[in-house]
Amino acid sequence: MVKKITKGSRKNNEKLLMIAGPCSVENYEVMDKTVSFLKNLGVEYIRGGAFKPRTSPYSFQGLGMEGVEILKDMKTKYGVKIVSEVLDIRDLEEMINSVDVIQVGSRNMYNYPLLKEIGKTNKTILLKRGISATIEEWLNAAEYIALEGNDDIILCERGIRTFENYTRNTLDLNAVPVVKERTSLRIIVDPSHGTGRRELVYPMSLASIAAGADGLLIEVHPEPENALSDGFQSVNFEEFELIYKRANETFKCV
Ligand code: PEP
Ligand code: MN
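Residues numbered from 1 in each chain as written. Chains lettered and ligands numbered in written order. Predicted model: local features only at pLDDT ≥ 70, side-chain atom pairs only at ≥ 80, totals over all residues.

*Asks:* Break down the overall build of the chain for me, citing the residues and quoting the values.
*Replies:* In terms of helices and strands, the chain carries 9 helices and 8 strands. In terms of overall dimensions, the chain is globule-like: its C-alpha atoms have a radius of gyration of 17 Å, near the 18 Å expected for 254 residues. Summarising its shape, the C-alpha atoms of the chain cover approximately 45 × 40 × 35 Å along the three principal directions. The buried share of the chain, reckoned over its 254 residues, is 46%. Of the contacts made within the chain by residues no fewer than 6 positions apart, 67% connect residues no fewer than 24 positions apart. (Helix = DSSP H or I, 4+ residues; strand = E, 2+ residues; numbered from the N terminus. Rg over C-alpha atoms; globule rule 2.2 N^0.38 Å. Buried ≥ 20, exposed ≤ 12 C-beta atoms within 10 Å, placed from the backbone. Contact = placed C-beta atoms within 7 Å.)

*Asks:* Any chance you could break down the site of ligand 1 for me, citing the residues and the numbers?
*Replies:* Near ligand 1 the following residues occur: C23, G49, P53, G105, S106, R107, K128, R158 and H193. Of the residues assigned to the shell around ligand 1, the class counts are 2 nonpolar, 4 polar and 3 charged. (Near = placed C-beta within 6 Å. Nonpolar A, V, L, I, M, F, W, Y, C, P; charged D, E, K, R; others polar.)

*Asks:* So what about the nonpolar core? Which residues, and what values?
*Replies:* Formed by 67 residues in total, the largest nonpolar core has its most connected members in A20, L127, A142, I145, I153, L155 and I218. Looking at this core element by element, the count peaks at 7 residues for helix 5 (residues 135–147). Contact partners of I153, with chain neighbours within four places excluded, come to I125, L127, A142, I145, A146 and L185. (Core = buried A, V, L, I, M, F, W, Y, C linked by C-beta atoms within 7 Å.)

*Asks:* Quick rundown of helix 9 (residues 237–253)? Include the residues and the values.
*Replies:* The end-to-end C-alpha distance of helix 9 is 25 Å, a good match for the 24 Å that 17 residues give at a rise of 1.5 Å each. All buried positions along helix 9 are accounted for by F240, I243, Y244, A247 and F251. End-on, the buried residues of helix 9 take up no more than an arc of 100 degrees, which puts them together on one face. Looking at helix 9, the residues exposed on the side facing more than 90 degrees away from the buried face are E238, L242, K245, E249, K252 and C253. (Expected span 1.5 Å × (residues − 1). Arc of directions from axis to C-beta.)

*Asks:* Describe helix 8 (residues 198–210), with residues and values.
*Replies:* Helical periodicity: at 3.6 residues per turn, an α-helix aligns residues three or four positions apart in one direction. The largest bend along helix 8 reaches roughly 25 degrees and is located at M204. Its buried side turned inward, helix 8 meets helix 6 (175–182), strand 7 (186–189), helix 7 (191–195), strand 8 (215–219) and helix 9. Count one or two residues on from helix 8 and you reach G212, which has phi positive near 110 degrees. (Bend = angle between axes of the 7 residues up to and from the residue.)

*Asks:* Quick rundown of the sheet that holds strand 3 (residues 81–85)? Include the residues and the values.
*Replies:* Read around the barrel, 8 strands follow the order 1-2-3-4-5-6-7-8 and close on themselves; strand pairing throughout is parallel. The average angle at which neighbouring strand axes cross in this sheet is 25 degrees, direction not considered. Here strand 7 runs beside strand 8; their pairing, made up of 2 bridges, is parallel. Each residue of the ladder has a partner; that of I188, found in strand 8, is G215. (Pairing = 2+ DSSP bridges. Axes fitted to C-alpha atoms, helices over the stretch in contact; angles between N-to-C directions.)

*Asks:* If you had to explain the confidence of the model for the chain to someone new, which residues and values would you point to?
*Replies:* Looking at the chain as a whole, the pLDDT averages 96, with 97% of positions reaching at least 70. Under the prediction, the complex receives an ipTM of 0.99, its pTM being 0.97. (pLDDT = per-residue confidence, 0-100.)

*Asks:* Give a detailed account of unusual backbone geometry, specifying residues and quantitative values.
*Replies:* For D230, which is not a glycine, the phi torsion comes out positive at approximately 55 degrees. Tracing the backbone shows D230 in the loop between strand 8 and helix 9. Under the C-beta neighbour-count criterion, D230 is labelled buried, with 21 such atoms within 10 Å.

*Asks:* Give a detailed account of the packing of helix 8 against helix 9, specifying residues and quantitative values.
*Replies:* Across the interface, helix 8 lies against helix 9 with an axial gap of 9 Å and an inter-helix angle of 20 degrees. By the angle between their axes, helix 8 is roughly parallel relative to helix 9. Relative to helix 9, the crossing made by helix 8 is right-handed. Side by side, helix 8 and helix 9 meet where V201, Y202, S205, L206, I209 and A210 of the first sit next to L242, I243, R246, A247, T250 and F251 of the second. Classifying every residue of the contact of helix 8 with helix 9 gives 9 nonpolar, 2 polar and 1 charged. (Parallel < 35°, antiparallel > 145°, perpendicular 65-115°, else oblique. Left-handed = near helix turned anticlockwise from the far one by under 90°.)

Take a look at the structure:
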């Protein structure tokens, strides 16, 4: 049963909440190039994973604390807000001191001890939907956080696992109006992980906004074909600029 997250007033956002950046923090140069471009365009929230939850233990696992230091440099240099994932409770304190929004990834949505710990912080939490989570399970995860006192939670629909394998996941846009009906929390959509295909990010971004999403999370890389993770679903700068402009126009009409 969810009780806490249904309370409080709905936040009225006049602006589209856009979170963009590479899947992983790879090195200083890629981050600097990307943040400089995004900041110029007007994007306020930058993403980048320092700790990466990779399916294969042989894949790039992220730079860890070295990546967090790069994110801190970006914050100081460009005055942007940083969104990054915490994988392990042991890193939480350092992350609280370094980033503006703490992401709980899909794989950790059911990590109740972690949810309780971040619920004790006063950070904004970006709670991604579990890979196989029902909407009810996802809302209960948010409830775990809110029960500890922190109801500054943004939900993120990032696709779920279904029998369909043409796309990496099946983006469940039903979740957007359902979450709006059930809670006072903001909900954004991640069409990058939701589709796993770069060419689908543009249409599904606009569809998300038409469905009532408060914002988007999009993976952007200067050279997606050379990205160390999720390059196949990352858009380049030119593609991102088009998405950003059209998404903002659409947002004003919904
Ligand atoms: C990510 O945002 O890079 C990520 C790993 O997402 P998810 O937890 O949705 O798979
Ligand atoms: Mn990714």
